[in-house]
Number of protein chains: 2
Amino acid sequence: VPSAEIVAVGTELLLGQLVDTNTAFIAQALAGIGMDVHGTHTVGDNRERIAELVGGALERADGVITSGGLGPTVDDVTKEAVCDALGAGTRVDGEAIEAMEALFASAGRELRENNRKQAILPHGATVLKNAHGTAPGFVAWRADGKFVACVPGVPFEMKAMVAGQLLPLLERHFHLRETIVTHTLHTFGIAESEIDHRIADLFEQSDNPKIAVLAHRFTCDVKLNGKAQNREEAQALIAPMADEIRARLGAVIYGSDSETLAFVVLQLMRERGERLGVAESCTGGLVSAELTAVAGASDVFVGGVVAYDNDTKTRVLGVPPKRIAEFGAVSGEVASDMAQGARTNLGSDWAVSVTGVAGPSGGTSEKPVGLVYAAIVGPYGVTAHRLQLSGERAQVQQRATIHALGLLWRRLRAEPKGARET
Amino acid sequence: VPSAEIVAVGTELLLGQLVDTNTAFIAQALAGIGMDVHGTHTVGDNRERIAELVGGALERADGVITSGGLGPTVDDVTKEAVCDALGAGTRVDGEAIEAMEALFASAGRELRENNRKQAILPHGATVLKNAHGTAPGFVAWRADGKFVACVPGVPFEMKAMVAGQLLPLLERHFHLRETIVTHTLHTFGIAESEIDHRIADLFEQSDNPKIAVLAHRFTCDVKLNGKAQNREEAQALIAPMADEIRARLGAVIYGSDSETLAFVVLQLMRERGERLGVAESCTGGLVSAELTAVAGASDVFVGGVVAYDNDTKTRVLGVPPKRIAEFGAVSGEVASDMAQGARTNLGSDWAVSVTGVAGPSGGTSEKPVGLVYAAIVGPYGVTAHRLQLSGERAQVQQRATIHALGLLWRRLRAEPKGARET
């Protein structure tokens, strides 16, 4: 199995001021085409140290992938360091210059000398075009077939380049015939330890697919990694195990792979021909944002109201001031009123609402930080739920968002369309 | 200046299924006491590879800090690998056994044999007690004064151990009297290469403070790292350079350090005694979410409307259907109407609106994906802005959010309260 090491370049990473997420993405991408990652490294924008690290990694592995340090500034030295490590000269890539000129012209800006620096590449390197920015990437080859691939540090530029160009190139170069397929089952409303308890025996028995339980964004995932000659065989290995886990965990699995709670909720509602509105206070727009992160949300999601101020709850959602005065803005009663107001005023079939104390201030002994109410209103009535969530402000907001969507998902599943129509 | 390298241990990190945040924390902690971090590494739970990496790092730096792999299971081999690298024997730490017994007894559980393994330490090592878990950490010393420190991988156990025990120990050992202070200036509306162009000479002249330009979340940061005997001296080194950069970049700097655009907008509006509403379409709640991510937003931010559906733009924001039919939902006209509708219906002094084509579908040759209009309405009228943004759906949404807040910030700064009152 061919192997690689990954190097993230950037002094700001070393100072701990930025958390590197590129390396995890690249590692996962390489695992997907059956390459082994032996180690990963971070190094500052220091030509000598980068060259030393890349040279050392090439002794241990078949290739090195670096991210970062391809920018136009004087402290971007990855390319020079890689040339040092490979003993390679450089050339100017004419196409890269043209692409940059076009990009700058469309933005009404002129190409500066320091941008031209970005088009200098090691001799004999294969260019990786950058669809989203100025810095092209490249793969430089050593005579013995080992390689150094350099991609930009900006995550979305890097991701497009790795997935669209680098992986196919490596698959061809190494004639990769082993692939790892990952199948992920997402659960809502069950603890990691409970999942562990229910499937611990499968865990120990099964080496391929490998099973892992991961707490992730306030829900829990079960990951199955199957290794085989091709995707189909890997999927065939995974399928019976996935069925067994589905049978054991049953009703808590809301989706798989790239399906988010928001995606599943929109999907279920689309199938029913119904539409959704949102009213939120402490989550401040996150429930709407989670829904609209899904492409094509517009046929189901009509819109939302961020009723942060009590006056807005009354003005836009029609919550009676008397109810706020009697029960408080953070209460099941006001959550229900908000949901019903959203359903009426937005003209949707369903609405979900959230109101709570996100903190850090605003908590009382009776209504502490983390107390959140979520309400769901649909064709068959309203339900309100009381949640006590932990964590800092951002965590409370995110947890409340996931819980609101999870509770809505449960009701959609429990109430088939037309079931209770009279 | 004493130097260190950091090693994160764990096969799950190499597979990219978990993003390592420990390394960034340890790096920042070391920078804070004036140690240089030369490089960081990740390696799987493999005794040979860990030993090789630790041994290599000890050649380059004065010490190595590892996190992870101290647990009770068979695949936890960090300790054995470190002993290999140092050529050290082991001993059982009686105190660590007692501490574990006490911890287990208080949980009503019995100590298992594999837990006892956690009390085995390299000969001569200094124990780092674990206040939050079973695995003690340690610092093992080489005869030449170089060290290997091992701390657990569980973030909150690691953090307490590093901050409470490891840092004071390293400060004493290396007689550290140096500290690094970071000051960050945030800009909006200027390209990285343009900043570079304006301050390139400072960049090259100044070694302390060190200057770095970072593209970050669709804005650009200028970072100044000052190194001195104590915080005050470091800040005194930074201050004149920060002033010089402020003078050169002037009006594009919106804030510093932890100040976000949303924070600065809320602050400026709070000083004016005015309040803000939001109307958004393609950003789907992100503008509101960005504002409510700031603690204490509620005195300024009254609320927002996510008018995703055209019908919602009319129902809740009062945009005339005729205007939508004439100009299209993605237009400066409708953006202006949305902002004005939000200001009126939410009863705020200011409102910001966003409408656009986030993609991936919905684009036309006339209104392509990435076309976004933002409008700002304040006491002195409405301005609409046309933006052509690049990237995938999520990037377009995030860029539109940052631009909307940036444009609002510009107007707040350009229109002092009362300046144009008639």
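Here goes a summary of the coordinates provided. (Residues numbered from 1 in each chain as written. Chains lettered and ligands numbered in written order. Predicted model: local features only at pLDDT ≥ 70, side-chain atom pairs only at ≥ 80, totals over all residues. Heavy atoms only, no water.)

### Notes on the interface of chain A and chain B
So, step 1. In this assembly, 71 residues from chain A lie in contact with 74 residues from chain B.
So, step 2. Together, the buried faces of chain A and chain B total about 5,500 Å²; carbon and sulfur atoms form 55% of this surface.
So, step 3. There are two salt bridges connecting chain A and chain B.
So, step 4. Where Arg275(B) meets Asp309(A), a salt bridge forms, and the shortest distance between an N and an O atom there is 2.7 Å.
So, step 5. Applying the counting rule to chain A against chain B returns 29 residue pairs in polar contact (both at pLDDT 80 or more).
So, step 6. Counting residues per element, the side of chain A that touches chain B draws most heavily on strand S2 (residues 36-43) of chain A, which supplies seven residues. (Contact = heavy atoms within 4.5 Å. Buried area = accessible area lost by both parts, 1.4 Å probe. Salt bridge = Lys/Arg side-chain N within 4 Å of Asp/Glu carboxyl O. Polar contact = N/O pair within 3.5 Å; in protein donor to acceptor, adjacent residues only side chain to side chain. Helix = DSSP H or I, 4+ residues; strand = E, 2+ residues; numbered from the N terminus.)

### So, the sheet that holds strand S10 (residues 210-216) of chain B
Residues and elements named next belong to chain B.
So, step 1. With antiparallel pairing, the four strands of this open sheet are ordered in space as S10-S11-S9-S12. For this open sheet the edge positions go to S10 and strand S12 (253-256), each flanked by a neighbour on one side alone. Sheet twist, expressed as the mean angle between neighbouring strand axes with direction ignored, is 25°.
So, step 2. Here strand S9 (residues 179-187) pairs with S12 via three bridges, running antiparallel. Residue pairing across strands places Thr187 opposite Ile253, the latter belonging to S12.
So, step 3. In the packing of helix H8 (residues 192-205) onto the sheet, the strands contacted are S9, S10 and strand S11 (219-228), and the crossing angle to S10 comes to about 175°. (Pairing = 2+ DSSP bridges. Axes fitted to C-alpha atoms, helices over the stretch in contact; angles between N-to-C directions.)

### Things to note about the environment of Leu387(B)
Residues and elements named next belong to chain B.
So, step 1. As for its placement among the helices and strands, Leu387 is situated in strand S17 (residues 381-388).
So, step 2. With relative accessibility at 11%, the residue Leu387 sits in the buried group.
So, step 3. With 13 residues separating them along the chain, Leu387 and Ala400 place their C-alpha atoms 8.1 Å apart.
So, step 4. Beyond its immediate sequence surroundings of up to four residues, Leu387 is in contact with Gly370, Leu371, Val372 and His403. (Buried < 20%, exposed > 50% of the residue type's maximum accessible area, 1.4 Å probe, protein only.)

### A few points about the packing of aromatic side chains
The geometry of an aromatic ring pair is captured by the separation of the ring centres together with the interplanar angle, meaning the angle of the planes.
So, step 1. Using the criterion set out here, one finds eight aromatic pairs over all chains in the structure.
So, step 2. Residues Phe301(A) and Tyr308(B) carry aromatic rings whose centres are separated by 5.5 Å and whose planes lie at 55° to one another, so their mutual orientation is tilted. Of this pair, Phe301(A) sits in strand S14 (residues 301-306) while Tyr308(B) sits in the loop between strand S14 (301-306) and helix H12 (310-317), which puts the two residues in different chains. By the burial criterion, Phe301(A) is buried, and Tyr308(B) matches it.
So, step 3. These aromatic residues form a ring-pair network of at least three members: Trp141(A), Phe147(A) and Phe174(A).
So, step 4. For Arg413(B), the ring lying beneath its charged end belongs to Trp409(B), and the centroid distance is 4.6 Å. (Phe/Tyr/Trp six-rings, centres within 6.5 Å; stacked < 30°, edge-to-face > 60°. Lys NZ or Arg CZ within 6 Å of the ring centre and 35° of its normal.)

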